[in-house]
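Structure assessment
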Amino acid sequence: MADKVKITYKDQEFEYPIVEGTMGDVSVDISKLRGESGLITLDPGYKNTGSCESKITFLDGEKGKLMYRGYPIEQLAEKSSFIEVMYLLLEGELPTARQLERWEKTIKSYTYVNDRVRKILNAFPSNAHPMGVLATLTSSLTAFNPKAVDPNKEEDMYHAAARLISKMDILAAWTYRKSNELELNEPDSNLSYIENFYQMMFKNNDKFELNQTIISALDKLLILHADHEQNCSASAVRLVGSSHAGLFASISAGISALWGPLHGGANQAVIEMLERIQSDGGGLQKWVDKAKNKDDEFRLMGFGHRVYKNMDPRAKIIKKAADDVLGQLGVEDEILDLARDLEAIALKDEYFIERKLYPNVDFYSGIIYRALGIPNEMFTVMFALGRLPGWISQWKEMRQTFQPIGRPRQVYTGAQTRNYVPIDER
Ligand code: ACO
């Protein structure tokens, strides 16, 4: 007989089935729990809660493994391209040469951005954080693409994904140009996706040249960020989309969720932390001790992860890429040395060992972005650009599998019933 989980409550026994994933994940399906027993589960931060079944990304936090659609991240980072990985995530299979060509062409066919979107961009003060600007611009696209996307029509979904991917690339680059009070560069359909992004970011005159070291480093970084199953931002996208809000509105919610320093905003926070350590001084041990002190709010940014209890496999690849890229570009960055020393001290410290706190994807990514000439406040925008195909894939899967509206329950601990008191009697 198949395994079941039994719950005994008020002398009654309830049985719940085990659901197994294809990579050996085991869960208990408690969807009938409340109806049968009156109980709900309490799991702040959803640390033990599976919100869905998914075929997109697998990760094993204990072993430090990550795969998109079954392909290990190490292989994709080495052999694939971001444009191909987008297709893989969205369509479920690696594309044939013809499928890839069509995919690239379709993305390039959606580079028109309505003038009014530029006006919205121009209305922001130049010191606005690029993540806030990007979330707003993405949300504004709803107004310029009012036709709802039907996730069950494959062709409709294919074009909606291409449209959003194409425009986000432009909006991200323009957000940067605007915050630096630079002229906006137009997209160039003769270039590849990443080359086009790069020229829109950095082209200032006719002498501009594409640097292939930078292009391939960006390509790898975006692949590494492309999806990460049910994290905070992907869950935000799914939750918003579960009310049947549109794709653009749902993705805008994902951008806002990613912004926070405990999630994608950590890449900016890591560099700010390293710069602070560098300027304040006092030795690295002082900062490690501060991170361990529960009365101090300071945390070692770029360390720890909700699911990885081993080295984040993306951090391993990025650490090596940081070495390569800085070497190839001939950039010497004391911040990289500081990061390496800090990592070495933390990894030997009992506090970090006991809690299985290892460097995550954000620990070294900011160092590469710096070397590539991307400013600190744009780091999380780069993350969003990479994560976009993952968010769209999650949204699509959620809608295509007819997920019910997301609506967690709570355990109420507030005041019991009491009578209203008029204001002059309070
Ligand atoms: N520095 C110091 N202590 C830490 C750190 C850290 N970076 N991360 C976790 N801890 C400690 C906690 O204080 C806690 O200690 P305790 O058990 O004595 O109370 C223990 O380790 C477990 O940490 P939680 O915060 O409960 O773990 P959670 O899964 O809720 O949080 C998170 C994970 C948010 C990533 C956390 O490790 C953190 O804040 N890290 C720094 C921010 C960061 O790098 N975020 C990027 C994550 S990757 C991404 O989102 C793309």
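Going by the structure above, here's the rest.
Since the structure is predicted, the reported quantities are computational estimates derived from the model, not experimental observations.

The next thing to look at is the site of the ligand. Close to the ligand lie 22 residues; K294, R299, L300, G302 and R306 are nearest. Between the ligand and the protein, one listed contact pairs a nitrogen atom with a backbone N or O atom of L300 at 2.7 Å. Across the complex, the protein chains shield 78% of the 920 Å² of accessible surface that the ligand would expose by itself. Of the residues assigned to the shell around the ligand, the class counts are 11 nonpolar, five polar and six charged.

Membership of the largest hydrophobic core comes to 117 residues, with the highest contact counts inside it found for W103, I374, W391 and I392. Here this core takes 14 residues from helix α7 (residues 154–179), the largest share from any one element. In contact with I374, not counting residues within four places along its chain, are M201, F202, L218, Y369, F379 and M382.

Moving on, we get to the packing of aromatic side chains. The geometry of an aromatic ring pair is captured by two quantities: the separation of the ring centres and the angle between the planes. Per the stated rule, a full pass over the model turns up 12 aromatic pairs. Seen in terms of ring centroids, F82 and Y193 are 6.0 Å apart; in terms of plane orientation they differ by 50 degrees. Their pairing is tilted. With F82 in helix α3 (residues 82–91) and Y193 in helix α8 (residues 193–202), this pair connects stretches of sequence that are 111 residues apart. Accessibility classification places F82 together with Y193 in one group, the buried group. Arranged with centres 5.5 Å apart and planes meeting at 35 degrees, the rings of Y369 and F379 form a pair that is tilted. Separated by 10 residues along the polypeptide, Y369 in helix α17 (residues 361–371) and F379 in helix α18 (residues 379–400) bring together distant segments of the chain. Exposure class is identical for Y369 and F379. Each is buried. Through pairs of rings, three or more aromatic residues link up here, namely F303, Y351, F352, F363 and Y364. Taking NZ or CZ as reference, R355 lies 3.8 Å from the ring centre of Y351, over its face.

Moving on, we come to the sheet that holds strand β2 (residues 12–20). Reading across the sheet, the three strands line up as β1-β2-β3 and stay open at both edges, with antiparallel pairing between neighbours. In this open sheet, the two strands that pair with only one neighbour each are β1 (4–9) and β3 (26–28). The mean inter-strand angle of the sheet, taken between neighbouring strand axes irrespective of direction, is 30 degrees. As judged from the three bridges shared by β2 and β3, these two strands associate in the antiparallel manner. Residue I18 lies in a different strand from β3, and its bridge partner there is V28.

The rules behind each value
Residues numbered from 1 in each chain as written. Predicted model: local features only at pLDDT ≥ 70, side-chain atom pairs only at ≥ 80, totals over all residues. Heavy atoms only, no water. Near = heavy atom within 4 Å. Polar contact = N/O pair within 3.5 Å; in protein donor to acceptor, adjacent residues only side chain to side chain. Areas by Shrake-Rupley, 256 points an atom, 1.4 Å probe, with all protein chains shown as cover. Nonpolar A, V, L, I, M, F, W, Y, C, P; charged D, E, K, R; others polar. Core = buried A, V, L, I, M, F, W, Y, C linked by side-chain atoms within 4.5 Å. Buried < 20%, exposed > 50% of the residue type's maximum accessible area, 1.4 Å probe, protein only. Helix = DSSP H or I, 4+ residues; strand = E, 2+ residues; numbered from the N terminus. Contact = heavy atoms within 4.5 Å. Phe/Tyr/Trp six-rings, centres within 6.5 Å; stacked < 30°, edge-to-face > 60°. Lys NZ or Arg CZ within 6 Å of the ring centre and 35° of its normal. Pairing = 2+ DSSP bridges. Axes fitted to C-alpha atoms, helices over the stretch in contact; angles between N-to-C directions.

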